[in-house]
Amino acid sequence: MLSFALLHVHPSSSSNPQFHFPHQNQISPIQSLHFSPFTVIPTKLLSKPSFFRLSSSVWSSSLIADDFQVELGRLLSLLPEEMRRGVSEHPEFSNLIEVVMDLGRMPLARFPSGDFILSDQPITLDDLQQATSQVGDFAVDNRAGISRTLHRISAIRNRKGAIIGLTCRVGRAISGSANSLRDLVKDGASLLLIGPPGVGKTTIIRDIARMLANDYGKRVMIVDTSNEIGGDGDIPHAGIGNARRMQVPHNDMQHKVLIEAVENHMPQVIVIDEIGTKLEAMAASTIAQRGIQLVATAHGVTIENLVMNPALEMLVGGVQSVTLGDEEASRRGVQKSVLERKGPSSFSCGVEIISKAELRVHPDLEATVDAILAGRYPKYEIRKINPGSQDGIMESSSIQAPLDEINEVLIEDIIQINGGIPDSTELISATGMSMEGGSGESEDALCIFLYGISEASVMQGIKQLNIDDTIEFTDNISEADVLLALQSKLKKNSRIQAAARSHGIPIYVTKTSSSTQLTKAMQALISDFADGFEFLESEAKTNESEKIDALEEARIAMERVVIPKGEPVELLPRPTNIRLLQKDLVRKYKLKSERIGTGTDLRLRILPFTSASDEDGHDSEGVDDESEVDELLFRPNAESNGSAYTVNRLPLLPE
Ligand SMILES: Nc1ncnc2c1ncn2[C@@H]1O[C@H](COP(=O)(O)OP(=O)(O)OP(=O)(O)O)[C@@H](O)[C@H]1O
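All values derive from a computational prediction rather than experimental measurement.

For the rest of this paragraph, the subject is helix H7 (residues 201-215). The end-to-end C-alpha distance of H7, which contains 15 residues, comes to 20 Å, matching closely the 21 Å that a straight helix rising 1.5 Å per residue would cover. Counting buried residues in H7 gives 13 out of 15 residues, a clear majority hidden from the surface. The first or second residue beyond H7 is Gly 217, which carries a positive phi of 60°.

As structure tokens, then:
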């Protein structure tokens, strides 16, 4: 007897008709048949896999490769004739990444090997209008697409809203690009991918969606916030295979569409690009709790970036600070205040996309987060991708990176999260400090964090100044008004410097802790405090916007060039305090930097990650740290008046 299944046909020639069987979670692509929208097929025929189920690689590669040239042509048709010719005659034509058209400038094509000028004629308003007239509407994120392609056109507007620049990114479905992650997702594990912009996150999750839908017959729903996974237009691109796609009317609504996907469409897998806000992270966590497999991307470079990001930490279980009892702390051999994961992670595995050819896989994401919070370095596997090979994996190895390097970064991060220096003997034992104060300070008192100088020496030094009740000491740097340190000790501890910088606390140093020097130092300090550290604050205000610019410059350099392209980038010359902030940021990205130039031309060069430089223990930062500190500490100082001691101050940098 023949039974029948109801066939849903999408209004598309590229999307395969799908059957949802009540008795099994399997979808069969029926590539070789031609259907009218309401064709009824005997289910008996469908039970013959050899008849209906095509191997996904055959299916996708033939379909996608043939169409790619046509799709690329549709992107090129946006360009004026001369530019089009320039691109298509380039030897790397098929690897084109982006075309950049900025008003009044010469157009550029970006290839993996670098940028190429397409014409010596600057772009005109007409060129831009020609191009934009052929693409869909620009959404609030200033992105538009070309229907039934994966290309992304991003606009730059002037202050009046007119388009004055375009970045036309080539989108391509790369079948097999997710093969190296097949073992992680095939059994239902949720996967979080992170990586800087342009590294290939969308391309990989598109292929995972296709793989899960086609090869494993799962009901996959893509929540496609900018239509980048499934392409522009209402008919999704063939690159997503049998996965279905929900569009998101507005970026702000991503979390709502996520919930709607679960409530209305019975997905087994949800795929989502760019979880970026707390609301989206919350929606993703809710979905994970319902037992749905999640495959998602987030911007960032390492898992630590997520752990330290208050909006996204929830994705990896959240972070809380707990205070241990004395006994428990000594049993564990840790400080009393420790960071712990708050709850279960929404994802079982994490992948850091280092480049298009290299992934760092954290198969147990919770273990990775726990290791990070405990100050240990997490274990991960490096998977190198060989585009030519069948399984997409060329090499896979398990790595545990050097402890000292990570510890330094982690302690700084923890300081920033906690808003205070951990009560770590290792951190402060060398200082000989005696700590009091903390919560009980008077508002008018100057609260000092001492480093490398004992409280007794300071008190001795200031006896004759008669200011005992104006001074308090603290062991929590976030409560301090000022850091007073012995220069030789401070030079060796970049963590303390970073902590002070991150809390915007001025640093005063003395060369020795003799009572004469300390008296003079305290005199200068008290007088500045009485003025409300005014000159420091005004200095801080003037360079607050430069600080933001400088950090943004460093971030973009790392995310767009140093990490994806593996090339060094020289930043603009900056004052020392700002350069040090840039250096802190570079370190958080696990990259090295070196200081170049002299005088007002001093600037940072960010170096790409090389395993060789790590292995041979080369640490340009360490060397650099020393010289930065020298520069800060020995700068000629007007206040010192040529006297025997030196007290230098770093500008106050408010949060
Ligand atoms: N394996 C690959 N081989 C060749 N090109 C690739 C590969 N992966 C991605 N690309 C290309 O690199 C560009 C960026 O890819 P993709 O959009 O996937 O990156 P992304 O990390 O999602 O970027 P963003 O975060 O900016 O959205 C695209 O032009 C894409 O076609």
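Turning to unusual backbone geometry, a few remarks are in order. The backbone phi angle of Arg 148 is positive, close to 60°, even though this residue is not glycine. Among the structural elements, Arg 148 can be located in the loop between strand S6 (143-145) and strand S7 (152-157). Residue Arg 148 is classed as partly exposed on the basis of its relative accessible area of 32%. For Asn 227, which is not a glycine, the phi torsion comes out positive at approximately 55°.

The subject of this paragraph is the pattern of salt bridges. Pairing is possible between side chains of opposite charge, provided their charged atoms come close. Counting across every chain of the model gives 25 salt bridges. As a salt-bridge pair, Arg 152 and Glu 228 come within 2.9 Å of each other at their nearest N and O atoms. Note that Arg 152 is positioned in strand S7 and Glu 228 in the loop between strand S10 (220-224) and strand S11 (244-247), a separation of 76 residues in sequence. Residue Arg 152 is classed as buried on the basis of its relative accessible area, which comes to 14%. Given a relative accessible area of 9%, Glu 228 falls into the buried group.

Sheet architecture is open: 3 strands sit in the order S24-S26-S25, paired in antiparallel fashion. Of all strands in the sheet, those with a lone pairing partner are strand S24 (569-570) and strand S25 (592-596), marking the two edges. Pairing geometry for S24 and strand S26 (residues 603-607), over 2 bridges, is antiparallel. Pairing of Glu 570 across the sheet is with Arg 605, part of S26. Along the sheet, helix H20 (residues 576-588) contacts S25 and S26; its crossing angle with S26, the most-contacted strand, is approximately 10°.

Now for the site of the ligand. As a matter of local geometry, the ligand sits amid 18 residues, with Val 170, Gly 198, Lys 201, Thr 202 and Thr 203 nearest to it. Within the side chain of Arg 169, an N or O atom sits 3.1 Å from an oxygen atom of the ligand. Residue Gly 198 places a main-chain N or O atom 2.9 Å away from an oxygen atom belonging to the ligand. Considered on its own, the ligand offers 630 Å² of accessible surface; in the complex 85% of this is hidden by protein. Looking at which element gives the most residues to the shell around the ligand, the answer is H7, with 3 residues. Split into classes, the residues belonging to the shell around the ligand amount to 6 nonpolar, 5 polar and 7 charged. Here the shell around the ligand gathers at least three residues from each of two domains, domain 2 (59-169) and domain 3 (179-400).

A word on the environment of Arg 605. Topologically, Arg 605 is positioned in strand S26. Between the C-alpha atom of Arg 605 and that of Pro 568, which follows or precedes it by 37 residues, the distance is 6.7 Å. Arg 605 has contacts with Pro 568, Val 569, Glu 570, Lys 592, Ser 593, Glu 594 and Ile 596, leaving out every residue within four places of it along the chain. In this structure the side chain of Arg 605 is engaged in a polar contact, spanning 3.2 Å, whose partner is the side chain of Glu 570.

Let us now look at the sheet that holds strand S21 (residues 471-473). With parallel pairing, 4 strands are arranged side by side in an open sheet as S21-S20-S22-S23. Since the sheet does not close on itself, it has two edges, and those belong to S21 and strand S23 (507-510), each with one partner. Put simply, the sheet's adjacent strands are angled 35° from each other on average, direction ignored. Each of strand S20 (446-451), S21, strand S22 (482-486) and S23 touches helix H18 (residues 515-530); the most contacted strand, S23, lies at about 160° to it.

Counting 34 residues, the largest nonpolar core has Leu 192, Ile 270, Ile 275, Val 307, Leu 315 and Phe 347 as the members making the most contacts within it. Looking at this core, the elements with two or more residues in it are strand S9 (191-195), S10, helix H8 (254-265), strand S12 (269-272), helix H9 (278-289), strand S13 (293-299), helix H10 (303-307) and helix H12 (365-373). Those residues in contact with Leu 192 that lie beyond four places of it in its chain are Ala 296, Thr 297, Ala 298, Leu 306, Leu 315, Val 316, Phe 347, Cys 349, Gly 350 and Val 351.

To continue, consider the packing of aromatic side chains. For the coordinates displayed, the defined rule picks out 1 aromatic pair. Centre to centre, the rings of Phe 111 and Phe 116 are 6.4 Å apart; their planes meet at 65°, and the pair counts as edge-to-face.

So, on to the confidence of the model for the chain. Put simply, the chain has an average pLDDT of 73, and 69% of its residues get 70 or more. Predicted confidence for residues 1-64 stays below pLDDT 50, and this span has 110 contacts to residues more than four positions away or in other chains. In the predicted structure, residues 400-442 sits below a pLDDT of 50 and forms 103 contacts with residues beyond four places in sequence or in another chain.

So, on to the pairing of strand S17 (residues 358-362). The element S17 is largely enclosed, with a buried count of 5 among its 5 residues. Burial of S17 is two-sided: the residues Glu 358, Arg 360 and His 362 facing one way and the residues Leu 359 and Val 361 facing the other way are all buried. Examined bridge by bridge, strand S16 (residues 349-355) and S17 share 5 bridges and lie antiparallel to one another. Within the sheet, the bridge partner assigned to Gly 350 lies in S17 and is His 362. Hairpin connection, S16 to S17: the antiparallel pair is bridged by 2 residues. By the bridge criterion, 4 bridges tie S17 to strand S18 (residues 379-385) in an arrangement that is antiparallel. By the bridge assignment, Arg 360 is partnered in S18 with Ile 382.

Inspection of the secondary structure assignment puts Glu 559 in helix H19 (residues 534-565). A distance of 2.6 Å separates a polar atom in the side chain of Glu 559 from a polar atom in the side chain of Arg 555. A distance of 2.7 Å separates a polar atom in the side chain of Glu 559 from a polar atom in the side chain of Tyr 589. What Glu 559 contacts, discounting residues up to four positions off in sequence, is Pro 196, Pro 197, Pro 564 and Tyr 589.

Our focus in this paragraph is H9. If you check H9, its first and last C-alpha atoms are 16 Å apart, about what 12 residues at 1.5 Å a residue would give, namely 16 Å. Turning to H9, its buried residues are Glu 280, Ala 281, Ala 283, Ala 284, Ser 285 and Ile 287. Contact partners of the buried residues in H9: H8, S12 and S13. In the segment just after H9, Gly 291 is the residue with positive phi, at about 80°.

On the secondary structure map, Asp 127 appears in helix H5 (residues 125-132). Arg 84 is the oppositely charged side chain nearest to the buried, salt-bridge-free Asp 127, at an N-O distance of 10 Å. Those residues in contact with Asp 127, other than ones at most four positions away along the chain, are Pro 80, Met 101 and Pro 122.

The rules behind each value
- Residues numbered from 1 in each chain as written.
- Predicted model: local features only at pLDDT ≥ 70, side-chain atom pairs only at ≥ 80, totals over all residues.
- Heavy atoms only, no water.
- Helix = DSSP H or I, 4+ residues; strand = E, 2+ residues; numbered from the N terminus.
- Expected span 1.5 Å × (residues − 1).
- Buried < 20%, exposed > 50% of the residue type's maximum accessible area, 1.4 Å probe, protein only.
- Salt bridge = Lys/Arg side-chain N within 4 Å of Asp/Glu carboxyl O.
- Pairing = 2+ DSSP bridges.
- Contact = heavy atoms within 4.5 Å.
- Axes fitted to C-alpha atoms, helices over the stretch in contact; angles between N-to-C directions.
- Near = heavy atom within 4 Å.
- Polar contact = N/O pair within 3.5 Å; in protein donor to acceptor, adjacent residues only side chain to side chain.
- Areas by Shrake-Rupley, 256 points an atom, 1.4 Å probe, with all protein chains shown as cover.
- Nonpolar A, V, L, I, M, F, W, Y, C, P; charged D, E, K, R; others polar.
- Domains from an automatic or database assignment.
- Core = buried A, V, L, I, M, F, W, Y, C linked by side-chain atoms within 4.5 Å.
- Phe/Tyr/Trp six-rings, centres within 6.5 Å; stacked < 30°, edge-to-face > 60°.
- pLDDT = per-residue confidence, 0-100.
- Lys, Arg positive; Asp, Glu negative; His and termini not counted.

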